Amino acid sequence: MPVQPALNQATLVLVDGAEGAVFDPLDRGLMYGDGVFRTLLVTRGQPRWWDEHLEKLAGDCARLGIPTVADALWQADLASLAGRMEEGVLKLVVTRGSGPRGYLPPDPCQPRRLFCYSEGAAIKGPVPAATVRVCRLRLGHQPALAGIKHLNRLEQVLARAEWHDPTIHEGLLLDQAGRVISGVMSNIFLWRDGELITPSLTQCGVAGVARARLMSLAGAKGYRVREAEFGLDDVFGAQETMLTNSVSGLRRIGRLEEKSWPDPVVSGELGALLDA
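Described in the following lines is the structure provided in the data block. (Residues numbered from 1 in each chain as written. Predicted model: local features only at pLDDT ≥ 70, side-chain atom pairs only at ≥ 80, totals over all residues. Heavy atoms only, no water.)

### Observations concerning the packing of aromatic side chains
Given two aromatic rings, one states the distance between the centres and the angle between the planes to describe the pair. Put simply, the rule reads: When two rings of Phe, Tyr or Trp (its six-membered ring) have centres within 6.5 Å they constitute a pair, described as stacked for plane angles under 30 degrees, edge-to-face for angles over 60, and tilted for the intermediate range. By definition, being over a ring means that NZ of Lys or CZ of Arg is both within 6 Å of the ring centre and within 35 degrees of the ring normal.
Under the criterion given, the structure shown has two aromatic pairs. A cation sits over an aromatic face here: Lys91 above Phe37, 4.5 Å from the ring centre. Here Arg112 stacks its cationic end above the ring of Phe23, 5.8 Å away from the centre of that ring.

In structure tokens:
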């Protein structure tokens with residue numbers, strides 16, 4: 001469910017396991033966005049879907065040629081802050097580490113890890129359907145980076161800057177060819193003709209942990225699940241549309257531009273399945 005940050009947000013940060021450590025300004029994550037990250041919901045002191053996030057983080061590192069951070073190091077970070085994390089959001093970051101000036105990656109490199117926890121209480125009770133707009137920004141194609149949650153999020157930054165209306169919860173992103181890819185902060189699913197459909201991410205977009213989890217769990221329960229290319233007309237014609245995010249879980253779309261979906265169809269069942 002969505003998390004409401006506190007006004008005076010308490011943040012805990014570990015750099016390579018050390019609290020209060022100075023972050024090197026020459027780190028390639030800062031200089032070039034050369035790294036990856038994952039964002040997790042923390043409830044009652046426990047990060048949700050921890051193992052799945054570590055697996056996805058390692059996979060993204062491998063695709064960029066960054067040495068994988070051992071799970072034991074993340075576990076040690078988690079243990080070192082035991083009792084100090086309750087309800088909030090945890091961000092795990094891996095960069096290629098520091099290096100000389102220039103784009104050429106250092107070889108060998110020493111990856112750097114950041115463990116960042118921000119306090120914030122989860123919103124209690126039923127989560128209202130999301131109001132969504134279509135963003136003007138169009139995602140560029142780069143198959144080498146497609147699916148990876150890398151540190152260069154400038155497309156999402158520019159897309160999110162398009163609106164300041166607090167009643168709009170998310171923006172829908174299309175690619176250069178007009179295909180629907182995702183939300184700014186989420187993945188999207190359609191329910192149509194008994195099928196659960198999510199965009200193919202071979203050219204661009206982020207493959208979220210919640211997305212992968214829902215596809216796997218729904219498929220195991222007998223739902224027909226597939227990836228496909230589709231446009232806005234397909235979204236408008238769907239019986240139900242839903243967003244997934246590792247922090248907020250599954251949230252149905254109630255309105256997209258002038259189209260509304262007043263009643264849920266399968267989102268309740270799928271949300272419960274995702275959170276089980």
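### Quick notes on the packing of helix H2 (residues 50-64) against helix H3 (residues 71-80)
Operational definition: To get an axis, fit a line to the C-alpha atoms, keeping to the stretch in contact for a helix; angles then go from 0 to 180 degrees between the N-to-C directions. Counting from the N terminus, the helices are the DSSP runs of H or I reaching at least four residues and the strands are the DSSP runs of E reaching at least two. Angle categories: roughly parallel below 35 degrees, roughly antiparallel above 145, roughly perpendicular from 65 to 115, and oblique for all the rest. Helix crossings are classified by the rotation of the near helix relative to the far one: an anticlockwise turn of less than a right angle makes the crossing left-handed, while a clockwise turn makes it right-handed. What makes two residues a contact is simply this: any of their non-hydrogen atoms within 4.5 Å. Amino acid classes used here: Ala, Val, Leu, Ile, Met, Phe, Trp, Tyr, Cys and Pro are nonpolar; Asp, Glu, Lys and Arg are charged; the rest, including Gly, are polar.
Where H2 meets H3, the closest approach of the two axes is 11 Å, and the angle between their N-to-C directions is 135°. Put simply, H2 runs oblique to H3. As H2 runs across H3, the sense of the crossing is right-handed. Along the contact surface, H2 presents Trp50, Leu54 and Leu57, while H3 presents Asp71, Trp74, Gln75 and Leu78. Split into classes, the residues belonging to the contact of H2 with H3 amount to five nonpolar, one polar and one charged.

### A word on the pattern of salt bridges
How we decide: Salt bridges are defined as contacts in which a side-chain nitrogen from Lys or Arg sits within 4 Å of a carboxyl oxygen from Asp or Glu. Residue burial is assigned from relative accessible area. The probe radius is 1.4 Å, only protein chains are included, and a residue is buried under 20% of its type maximum, exposed over 50%, and partly exposed in between.
Across all of its chains, the model carries 17 salt bridges by this definition. Of the charged contacts in the structure, one is a salt bridge between Glu52 and Arg213, with a shortest N-O distance of 3.0 Å. Taken together, the positions of Glu52 in helix H2 and Arg213 in helix H5 (residues 209-220) put the pair 161 residues apart, joining distant regions of the chain. For Glu52, a relative accessible area of 30% translates into the label partly exposed. Taking the shortest distance from any N to any O, the salt bridge between Glu162 and Arg133 comes out at 2.8 Å. One end of the pair, Glu162, is in the loop between helix H4 (154-160) and strand S9 (170-175); the other, Arg133, is in strand S8 (residues 130-139), with 29 residues separating them in the sequence. Taking the relative accessible area as the measure of exposure, Arg133 reaches 14% and is therefore buried. Bridged by salt links that share partners, the residues Asp16, Asp27, Asp77, Arg112 and Arg113 form one connected network.

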